[in-house]
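Report on the structure
So the chains spell out like this:
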Amino acid sequence: MEDGSIYQGRAFGAAGRAGGEVVFNTSMTGYQEILTDPSYHGQIVTMTYPLIGNYGVNQEDLESKKIQAAGFIVKEPSIVPSNWRSGSSLEDWMRSQNVVGLCGIDTRALVRKLRNAGVMRGVIRLGDESEPRGGELDGIPPMAGLDLVRYVTTQEPYTWSEKLHPYHRAQGTLAPQKAPVRVAALDFGIKHNILRHLAERVREVHVFPAFAKAKDVLGCNPDGIFLSNGPGDPEPVTYAVETVRDLLGAKPLFGICLGHQILGLALGGRTFKLKFGHRGSNQPVKNLDTGKIDITSQNHGFCVDLAGVDSQKARVTHINLNDRTVEGLESRELRCFSVQYHPEASPGPHDASHHFDAFIEMMKT
Amino acid sequence: MPRRTDIHKILIIGSGPIVIGQACEFDYSGTQGCKALREEGYEVILVNSNPATIMTDPSTGDRTYIEPIIPEALEKIIEIERPDCLLPTLGGQTALNASVELAESGVLERYGVELIGAKLKAIKKAEDRDLFKEAINHIGLDLPRSGFVHNMEEAWKAIEHVGFPAIIRPSFTLGGAGAGTAYNREEYEQVVKWGLEMSPVHTILVEESVLGWKEFELEVMRDLANNVVIICSIENFDPMGVHTGDSITVAPAQTLTDKEYQAMRDAAIAIIREIGVETGGSNIQFAVNPEDGRMVVVEMNPRVSRSSALASKATGFPIAKIAAKLAVGYTLDEIPNDITKETPASFEPTIDYCVVKIPRWAFEKFPGSKPVLGTQMKSVGEAMSIGRTFKEALQKGLRSLETDRGGWGADGKDRYVFDDPAHPRYRDPGDPELKAEIVEKLKIPTPDRIFYIRYAFQIGMTVEEIYDCSRIDPWFLANLLEILAMEERLAEAGPAIQSWIEE
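Below or above, wherever it landed, is the structure these notes cover. Since the structure is predicted, the reported quantities are computational estimates derived from the model, not experimental observations. (Residues numbered from 1 in each chain as written. Chains lettered and ligands numbered in written order. Predicted model: local features only at pLDDT ≥ 70, side-chain atom pairs only at ≥ 80, totals over all residues. Heavy atoms only, no water.)

Details of the interface of chain A and chain B
Each side of the interface is counted separately: chain A has 42 residues, and chain B has 45 residues. The junction of chain A with chain B conceals about 3800 Å² of combined surface from both sides, 52% of it contributed by carbon and sulfur atoms. Between chain A and chain B we count 7 salt bridges in total. A salt bridge links E76(A) to K391(B), with the nearest nitrogen and oxygen atoms 3.0 Å apart. At the boundary of chain A with chain B, the tally comes to 24 residue pairs in polar contact (both at pLDDT 80 or more). Where the side of chain A that touches chain B is concerned, the elements lending two or more residues are α3 (107-117), β14 (270-287) and β15 (293-305) of chain A. A per-element tally of the side of chain A that touches chain B places β14(A) first, with 3 residues. Counted by class, the side of chain A that touches chain B contains 15 nonpolar, 17 polar and 10 charged residues. (Contact = heavy atoms within 4.5 Å. Buried area = accessible area lost by both parts, 1.4 Å probe. Salt bridge = Lys/Arg side-chain N within 4 Å of Asp/Glu carboxyl O. Polar contact = N/O pair within 3.5 Å; in protein donor to acceptor, adjacent residues only side chain to side chain. Helix = DSSP H or I, 4+ residues; strand = E, 2+ residues; numbered from the N terminus. Nonpolar A, V, L, I, M, F, W, Y, C, P; charged D, E, K, R; others polar.)

Considering the sheet that holds strand β4 (residues 85-87) of chain B
Strand order in the open sheet formed by 5 strands is β3-β2-β1-β4-β5 (chain B), and the pairing between neighbours is parallel. With one partner strand each, in any of the chains shown, β3 (63-65) and β5 (114-115) of chain B form the two edges of the open sheet. (Pairing = 2+ DSSP bridges.)

Here's the deal with the packing of aromatic side chains
Under the counting rule described, the total for this entry stands at 17 aromatic pairs over all chains. Taking 5.8 Å as the distance between ring centres and 85° as the angle between the ring planes, the aromatic pair formed by F254(A) and F356(A) counts as edge-to-face. On the criterion of sequence distance, the pair formed by F254(A) in strand β13 (residues 253-256) and F356(A) in helix α10 (residues 354-364) is long-range, its members being 102 residues apart. Note on F164(B) and Y188(B): the rings are 5.7 Å apart at their centroids and 85° apart in plane angle, and the pair reads as edge-to-face. Of the two residues, F164(B) is situated in the loop between α7 (152-162) and β7 (166-170) and Y188(B) in helix α8 (residues 185-198); the sequence distance between them amounts to 24 residues. For Y188(B), a relative accessible area of 0% puts it in the buried group. The structure contains a cluster of three or more aromatic residues connected by ring pairs, namely F226(A), F254(A), F337(A), F356(A) and F359(A). (Phe/Tyr/Trp six-rings, centres within 6.5 Å; stacked < 30°, edge-to-face > 60°. Buried < 20%, exposed > 50% of the residue type's maximum accessible area, 1.4 Å probe, protein only.)

Here's the deal with the pattern of salt bridges
Overall, the coordinates contain 62 salt bridges over all chains when judged by the stated rule. A salt bridge links E344(A) to K191(A), with the shortest nitrogen-to-oxygen separation between them at 3.1 Å. Of this pair, E344(A) sits in the loop between β18 (336-339) and α10 while K191(A) sits in the loop between β10 (179-187) and α6 (192-201), and the two are 153 residues apart along the sequence. For E344(A), a relative accessible area of 0% translates into the label buried. Judged by its relative accessible area of 1%, K191(A) falls in the buried class. A salt bridge links D473(B) to K214(B), with the shortest nitrogen-to-oxygen separation between them at 2.9 Å. Placement of the pair is D473(B) in the loop between α15 (463-470) and α16 (474-502) and K214(B) in strand β10 (residues 214-222), with a sequence separation of 259 residues. For the pair D473(B) and K214(B), one class covers both residues: buried. Several salt bridges converge on common partners, so that one network encompasses R4(B), D6(B), E114(B), K119(B) and E278(B).

See below:
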């Protein structure tokens, strides 16, 4: 760890070396979705729940084509996964994708360190105590000031049609008819379940690279624009902030996570790094207009501050009940809104999926 | 919403004497509820006939009646005390049933007493099988497939959608006479004919069997603003067919993917809203087919339950206390979280440990009773334990039971000894008769079954074979196997450790 501490455990998954920002996630389920979420690019994820891998790995619960996290730390990986959909064990899957893991350490002690000192860089490597130390963190840049979007965004535009997983649809709360609208999504590291939610509700979804210009995006004549989640610090992603600034007011606009931060920056706000971030499936968020609370899925290390922005132009709509930080904003005048948390869930509760419906309504009117 | 100021005096009914199936957990919930309400400045009137309760301590309520929990006595108390409200959900099934009787007989209306927490309609909807079925179907959730049948022709039609194995229950027979399970067409024809004959109205219910499915429970809280949170998920070690009170249970659920867990969470939220439990906690049980993941709703308790006590202690979320505060009008975000003090109760606890509850039986005290577990609860108590792994929690739990066991074997008290031919309890692990004996014990749920899993592994049976006999999830079995593997490693290292100690 960056502070010089060492946690000695056993290697699992691929043998090798992995470095990155060490963060923790408090979800008790959903490790497969977490590992494939592009927002974890460049991070080593520690699960606070100690028993991981219990239900194995399946072909469906993927949020991108591959494991995105740099490394994975768990207390005890399961040796016999048990679930009717499971196709392989967590360890075999990690090995097949060459992802390094560490197990058998006191993850609670590690998480306490990160909570007290803040997230920091770390390395997982093979070896023993007798080996000389030093220089392990060379070449691992600090997260603040880092543009990671460039590594995870698509290089070419594409269209998306896959709809939601049957488990998501079983609630019977989704609109039965697709709205005759077209959405242009800017991919900063988009999770598949966002695309599935959109495809469930609208006729066409066009995905653009993060570096697309406003005229490229408007070229497909969209009825609304979506700004996706993604990894890293939003501030250095200046090209996307500029694009969004150009798009403001042109079409209804909805952002999630990094998309929310980029919208906040485009509206004139600022962003700052949280001490240890919000990562988990149980974050309570309050809607300031209705008082309604949603239990939300979150994964962010940075946060928006609208202090310097004219309240007529944009305002805070949602706050986190744990630390009162901004979780949602809107601008009625510019027909845009965004949330810091993940209404697409996967993993996490479905409480907030109504935001997708609100986006569709905005496009229809 | 702030707390209600139009009410001042609240009646709480306890659960009476301790019986199998209803023990001190309702003293715990009742006492918590009283404290919470008095903290808010309400006057609390208590009724409980059981003196060995904290609830009946003079300091717990403002006035305590040690009287029988029967409608006549309760009516008299209401007449004297004239409470504004009755909170029926903290005293187990006894209190709930008594409250329903008071509501239905018009006593509550006569004295202007309002039911808070759960209204009569919601209680009926949750407790009446037909109304519950209707409600669950209305929100598009699955129950075990079933159909009423009056003759053989209808029976053949019904089995097409119910499928085998099917349970046949004749209507209006005493004590389930004429009921049976059919695994194929021949058996089905036989059981249906017999059932139709047994039923005085020649009607039977043909129902899909969920025996052996995985069993889960969710503890759910709702407030008057319609916010709903899940406090805890629980997975049963023993599959469907064993009463939850007689099952080893584990929190949180271990073998559900996030997709499956969230579908269950959605279902639980839809159920508490549809049934209409206004505020407070409910316990909702589900069965999941291990072959294809099909989830069916088993039942709902519209009140604080035995599992609520476990869930409260497992997560630190005081369900009964919060339920009492919600009943008088607070919303979840207005109540501080007991653990963090700073954040609100409108959150879903996440834990970084594993909790195991193990029932404690006392069959030796009931001569003539058969130590076989089924759908009627027989345990007299339970022990809970916390560990960073399931293995650790299970071992601690087994030691907590005061059954004189040191854990899952390895304490010299096993029924069979396999490694020492000179030992009086020695059995040859290759003996086919022994295997048949063990297989039989794996099939029938008993208090000792968990130890027979050990013997099964010791004679060389595999996780798959043991699963086929017991339907206990392979994840749990594999964890047990890991304990055994560690034990064997320690035994091998034993002499070396011994000489190291002596040195």
